[in-house]
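So you can see what is in the structure, the chains are spelled out below.
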Amino acid sequence: MSAYPPPRPPGRGFQGSPPPRRGGRAVRVDPVLVEIAAGLVWLAVGTLGLGADGVGTLILAIGIAVAIGIGVENRRRGPRPFDTSRSTEVLRLAAGVVVIVIVASIVLGLLSASDLLPGLALLLTGAAFVLLSRSTGQRPTRWLGFLLVGAGLLSALVSTMAAGGFVSQGLLGLLAGVVILLSAADRVGLVEMLRDR
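Residues numbered from 1 in each chain as written. Predicted model: local features only at pLDDT ≥ 70, side-chain atom pairs only at ≥ 80, totals over all residues. Heavy atoms only, no water.

Peer 1: Sorry, what's going on with the overall build of the protein chain here?
Peer 2: Tallying secondary structure elements over the protein chain gives seven helices and zero strands in all. Reading the protein chain from its N terminus to its C terminus gives the helix and strand order α-α-α-α-α-α-α. Residues counted as buried form 36% of the 197 residues belonging to the protein chain. Within the protein chain, residue pairs in contact and separated by at least 24 positions form 79% of the contacts whose partners lie at least 6 positions apart. (Helix = DSSP H or I, 4+ residues; strand = E, 2+ residues; numbered from the N terminus. Buried < 20%, exposed > 50% of the residue type's maximum accessible area, 1.4 Å probe, protein only. Contact = heavy atoms within 4.5 Å.)

The structure is reproduced here in C-alpha cells:
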C-alpha cells in the first residue's frame, strides 16, 4: 500500500458564493510531474558530471524512459494535482531554488569553490521538498527532502576535503535523480505493484 494519501473525493459544492478569480486560469500542479521533472534534472546533472558521453547518454535515456512510464501510469490512474494555493507554493519554491542556485554558482565561481555547488543545489532541492511537505502533510515527501538535504550536506563536506568535483557531481546527480524518480514511482503505486509481484 502506497504511503501517499488517496485522492480526495470532489466537493459537494460551495457554501455561499465561490471566491472570485483574478483573471486567467488557475494553475494546478501535479506532484508526480514535479518529481519527474526534478528527477530528470538531477539525472542530467549527474550524466554531465560523469564526463563520459556514451555512458551518460545511455543513463539519461534510461531515466527518460522510466520517467515516461511513470507519467503514463500516473495518467492511467488519474492525476491528483494540488489545489491552487499549494500549486502556487510549489512554483514559488521551484523559482526560489533556481534563483538561489544561479546566484550561488556565480558567487562560488568567483571564490573558486565551484565544487560546492552540486551539494548546495541538492541541499536546496531537499529543503524545498521539506517545506512543501509542511503544507501537503505528505510524510514521504518530507523524508525525501531530509534524505536530499543529508546527501547535499555530505557532498559539500566531501568536496571541501577532496578534489574531483566532477566525479562528486556525477554520483550525486545520479543518486538524487534515481531517488526522486523512485519517489514518483511510489506516488503512483508502481513500487507497490512491483513489490507484490
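Next, the rest of the story.
Peer 1: Hey, could you run me through the pattern of salt bridges in this one?
Peer 2: Opposite charge on two side chains permits them to pair, given that their charged atoms come into close proximity. Scanning the model with the defined rule gives two salt bridges in all. Across the pair arginine 76 and glutamate 73 runs a salt bridge, and its minimum N-O distance is 2.6 Å. One end of the pair is arginine 76 and the other is glutamate 73, both in helix H2 (residues 53-77) and three residues apart, which spans about a single turn. Exposure remark for arginine 76: the relative accessible area of 60% places this residue in the exposed category. Through salt bridges with shared partners, one network takes in Glu73, Arg76 and Arg77. (Salt bridge = Lys/Arg side-chain N within 4 Å of Asp/Glu carboxyl O.)

Peer 1: I keep staring at the nonpolar core and nothing clicks. Help me out?
Peer 2: What tends to happen in soluble globular proteins is that the nonpolar side chains get buried as a cluster. Counting 12 residues, the largest nonpolar core is built from Ala38, Trp42, Ala121, Leu122, Phe129, Leu144, Leu148, Ala151, Leu172, Ala176, Val179 and Ile180. For this core, the secondary-structure elements that each account for two or more residues are helix H1 (31-50), helix H4 (117-136), helix H5 (139-161) and helix H6 (165-187). Among the elements that make up this core, the one with the highest residue count is H6 (four residues). Among all residues touching valine 179, those that are not within four sequence positions of it are Leu144 and Leu147. Core analysis: the next-biggest nonpolar cluster, separate from the first, contains 11 residues, Ile36, Leu43, Ala185 and Leu190 among them. (Core = buried A, V, L, I, M, F, W, Y, C linked by side-chain atoms within 4.5 Å.)

Peer 1: What is the right way to read the packing of aromatic side chains from this model?
Peer 2: The geometry of two aromatic rings is summed up by the distance between their centres and the angle between their planes. Tallied over the entire structure, the rule returns one aromatic pair. With a centroid separation of 5.7 Å and an interplanar angle of 70°, the aromatic rings of tryptophan 143 and phenylalanine 146 are classed as edge-to-face. Highlighted residues: tryptophan 143 and phenylalanine 146, both in helix H5, separated by three residues, approximately one helical turn. For phenylalanine 146, a relative accessible area of 42% puts it in the partly exposed group. (Phe/Tyr/Trp six-rings, centres within 6.5 Å; stacked < 30°, edge-to-face > 60°.)

Peer 1: What am I meant to see in a nonpolar patch on the surface here?
Peer 2: A cluster of nonpolar side chains, contributed by Val98, Val99, Ile102, Val103, Ile106, Val107, Leu110 and Leu111, occupies part of the molecular surface with about 770 Å² of accessible area. Mapped onto the secondary structure, valine 103 falls in helix H3 (residues 84-110). (Patch = residues over 30% accessible without salt bridge, like charges linked within 9 Å, V, L, I, M, F, W, Y side chains within 5 Å. Areas by Shrake-Rupley, 256 points an atom, 1.4 Å probe, with all protein chains shown as cover.)

Peer 1: Hey, could you run me through the side chain of serine 183 in this one?
Peer 2: Note that serine 183 resides in helix H6. Serine 183 sits in the buried class, given a relative accessible area of 9%. For serine 183, the side chain forms a polar contact with the side chain of glutamate 35, separated by 3.1 Å. (Polar contact = N/O pair within 3.5 Å; in protein donor to acceptor, adjacent residues only side chain to side chain.)

Peer 1: Before we go on, may I ask you to explain H3 in this structure?
Peer 2: With 27 residues, H3 extends 39 Å between its outermost C-alpha atoms, agreeing within 8% with the 39 Å of an ideal straight helix rising 1.5 Å per residue. Phi for serine 112, located one or two positions after H3, is positive at around 55°. (Expected span 1.5 Å × (residues − 1).)

Peer 1: I keep staring at the environment of isoleucine 36 and nothing clicks. Help me out?
Peer 2: Along the chain, isoleucine 36 falls in helix H1. Distance from isoleucine 36 to leucine 182, taken between C-alpha atoms, is 9.3 Å for residues 146 residues apart in sequence. The residues touching isoleucine 36, leaving out its near neighbours within four places in the chain, are Ala67, Ile70, Gly71, Leu181 and Ala184.

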